[in-house]
Amino acid sequence: MELRAGLEAVVRVAVATLWSSPEAVRPVDRPALSARADVAAWVAGLDSAQQVGDCVLSQLLLGERVLVTDVRPDGWAHVVAVGQPAARVDPRGYPGWLPVDQLTPAAPPPAPLVVDATVTALHDAPDGAVLLPGVVLGTRLTPAGPAVDGWRPVCVPGYTDPLWLPAVHAVPVPTAPPSAGQVLDVARRFRDLVYVWGGMSAYGIDCSGLVHLAWRRFGVTLPRDADDQAAATTPVSLGAERPGDLYFFARPGRHIHHIGIVTAEPHGDDRRMLHACYRKRRVLEERLPEERTATLVAAHRV
């Protein structure tokens, strides 16, 4: 089946980067553009300034569903990432551009497993050759049969035969809401990860991507951007927040621009959070510095 506007498709690479336009792509972005997108090499090649280029909007994981809205002759598709709500920009999901080679028109099957390893790889057989490296936490997978000798076969978009991963790297998607502590524990696994604007993987991440991905691990869909995440969660009084709640930040008269995950009960103005920090270009857990306290506008609970 041909990829064309009006149809759904799914991501066939481990991590696909969603771009603001094909023309915004830079030479340094080449490793992220191929049919075997090497996001690890791409992030490793970015300097500090390139980590925050606004050409990147978000990232999509293997098997993630999109609505195709346009296909260009030069190999680019405009899509809407339906699993990343973004009411402010498109009620259908997060819009942007992907290379056509990173998509397949196959309909996504039910995916009752989720990757719990920070990063894993898919093999051609149990303990066989790696066919798809770089599959990251939060990726949904469909089992293709029972586990064999500690390896689990899964259906993978773009592959005819099942691929295999260590059985311990994928767990059933929870059917009950997670506790805030469980989500915080997952988010803490990304401490010291490099900050990448629009990033949402174990190779690089931004502040709202960290929140979205930590909850996605438990089958809970939150919007992609911080201001939409605020609209989708429940306010709590400052001073009543608990670990696992969310802090939101905005400058006077401006939209929310930053989000962090509460990591300790507050003591007066002494507050702590885990966040992907734009300034320090990494994920860190810290006491809120004065400049953050000055722009703290709300605490919310999922």
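On a predicted model such as this, the values are computed, not experimentally measured, just so you know.

(A) Geometry of the overall build of the protein. Scanning the protein for helices and strands turns up 5 helices and 22 strands. If one aligns the C-alpha atoms of the protein with their principal axes, the spans along those axes are about 60 × 45 × 35 Å. Sequence separation of 24 or more characterises 61% of the internal contacts of the protein that already satisfy a separation of 6 or more. When the accessible area of the protein is evaluated, it comes to approximately 12800 Å², of which 53% is carbon and sulfur surface. Taking the average location of the 29 positive side-chain charges in the protein and that of its 32 negative ones, the two points are 3 Å from each other.

(B) Broad picture of the pattern of salt bridges. Evaluation of the coordinates by the stated rule reveals 19 salt bridges. Close ionic contact of Arg 189 with Asp 116 constitutes a salt bridge, the shortest N to O distance being 3.2 Å. With Arg 189 in the loop between α2 (180–188) and β15 (200–201) and Asp 116 in the loop between β8 (113–115) and β9 (119–123), this residue pair connects regions lying 73 residues apart in the sequence. The class for Arg 189 is partly exposed, based on a relative accessible area of 35%. The residue Asp 270 makes a salt bridge to Arg 287 at a minimum N-O spacing of 3.0 Å. Remark: Arg 287 occurs in strand β21 (residues 282–287) and Asp 270 occurs in the loop between β19 (256–262) and β20 (272–277); sequence separation between them is 17 residues. Residues joined in a network through salt bridges with shared partners are Glu 23, Arg 72 and Asp 74.

(C) A look at the nonpolar core. With 58 residues, the main nonpolar core has Trp 19, Trp 42, Leu 122 and Phe 190 as its most contacted residues. In terms of residue count, the dominant contributor to this core is helix α3 (residues 207–216) (6 residues). In this structure, Leu 122 is in contact with Leu 62, Ala 129, Val 130, Leu 131, Leu 132, Val 135, Val 154, Val 156, Leu 163, Trp 164 and Leu 165, ignoring residues within four places of it in sequence.

(D) The pairing of β21, seen in detail. Both β20 and β21 contribute to a ladder of 6 bridges, which runs antiparallel. Residue pairing for β21: Leu 274 is matched across the bridge by Glu 285.

(E) Up close: the pairing of strand β10 (residues 130–136). For β9 and β10, the ladder comprises 4 bridges, and the chain directions are antiparallel. Within β10, the position partnered with Thr 120 by the bridge is Val 135. Following β9, the chain reverses through 6 residues before pairing antiparallel with β10; Asp 127 in that reversal takes a positive phi of roughly 60°.

(F) Looking closely at the sheet that holds strand β17 (residues 234–236). The antiparallel open sheet is built from 6 strands, whose spatial order is β17-β22-β18-β19-β20-β21. Lying at the two open borders of the sheet, with one neighbouring strand each, are β17 and β21. Here the strands of the sheet are splayed against their neighbours by 35° on average, with no regard to which way each runs. With respect to the sheet, α3 is in contact with β18 (246–250), β19, β20 and β21, its orientation differing from that of β19 by roughly 45°.

(G) Geometry of the side chain of Ser 201. Mapped onto the elements, Ser 201 comes out in strand β15. Apart from the residues within four sequence positions on either side, Ser 201 is in contact with Val 15, Val 39, Gln 59, Val 136, Phe 190, Leu 193 and Leu 213.

(H) Main features of the packing of α2 against α3. The geometry of α2 relative to α3 is characterised by a closest axis approach of 9 Å and an angle of 120° between their N-to-C directions. Classified by the angle their axes make, α2 and α3 are oblique. Judged by the twist between their axes, the crossing of α2 over α3 is right-handed. Contacts between α2 and α3 involve Val 183, Val 186 and Ala 187 from the first element and Leu 210, Ala 214 and Trp 215 from the second. Along the lines of polarity and charge, the residues of the contact of α2 with α3 split into 6 nonpolar, no polar and no charged.

(I) Unusual backbone geometry, seen in detail. Here the phi dihedral of Asp 127 falls at roughly 60°; this positive angle occurs in a residue that is not glycine. Within the secondary structure layout, Asp 127 lies in the loop between β9 and β10. Asp 127 sits in the exposed class, given a relative accessible area of 63%. Of note, the phi angle at Asp 149 is positive, near 50°, even though the residue is not glycine. Summarising the element assignment, Asp 149 is placed in the loop between β11 (140–143) and β12 (151–155).

(J) View of α2. If you check which residues of α2 are buried, you get Val 183, Leu 184, Val 186 and Ala 187. Buried positions in α2, seen along its axis, are confined to an arc of 160° and lie on one side of it. Contact partners of the buried residues in α2: α3, β19 and β20.

Thresholds, definitions, all that
All residue numbers refer to position in the chain's written sequence, counted from 1. pLDDT decides what is reported in this predicted model: residues at 70 or higher carry local features, side-chain atom pairs at 80 or more are listed and counted, and totals for whole chains, interfaces and linings draw on all residues regardless. Side-chain numbers come from the whole structure's heavy atoms, not from hydrogens or water. In this text, helices come from DSSP runs of H or I with a minimum length of four residues, and strands from runs of E with a minimum of two, each type numbered from the N-terminal end. Note on definitions: a residue-residue contact is assigned when non-hydrogen atoms from the two residues lie within 4.5 Å. Values of accessible area rely on a 1.4 Å probe in the Shrake-Rupley scheme; residue burial ignores everything except the protein chains shown. For the charge count, each Lys or Arg is scored as positive and each Asp or Glu as negative, with His and the chain ends excluded. Lys charges are placed at NZ, Arg charges at CZ, Asp charges at CG and Glu charges at CD. The working definition used for a salt bridge is a side-chain nitrogen of Lys or Arg within 4 Å of a carboxyl oxygen of Asp or Glu. Categorising residues by exposure relies on relative accessible area from a 1.4 Å probe, with only protein chains included: less than 20% of the type maximum marks a residue as buried, more than 50% marks it as exposed, and the intermediate range marks it as partly exposed. We call a set of buried Ala, Val, Leu, Ile, Met, Phe, Trp, Tyr and Cys residues a nonpolar core when their side-chain atoms join them within 4.5 Å. Here a strand pair is declared whenever DSSP counts at least two bridges between the two strands. Only the stretch in contact is used when fitting a helix axis, every axis being a line fitted to C-alpha atoms; angles between N-to-C directions are given from 0 to 180 degrees. Note that the term roughly parallel is reserved for angles under 35 degrees, roughly antiparallel for angles over 145, roughly perpendicular for angles of 65 to 115, and oblique for everything else. Rotating anticlockwise by less than a right angle from the far helix to the near helix defines a left-handed crossing, while the corresponding clockwise rotation defines a right-handed one. Nonpolar residues are Ala, Val, Leu, Ile, Met, Phe, Trp, Tyr, Cys and Pro. Charged residues are Asp, Glu, Lys and Arg, and all others, Gly as well, are polar. This arc is taken over the directions from the axis of the helix to the C-beta atoms.

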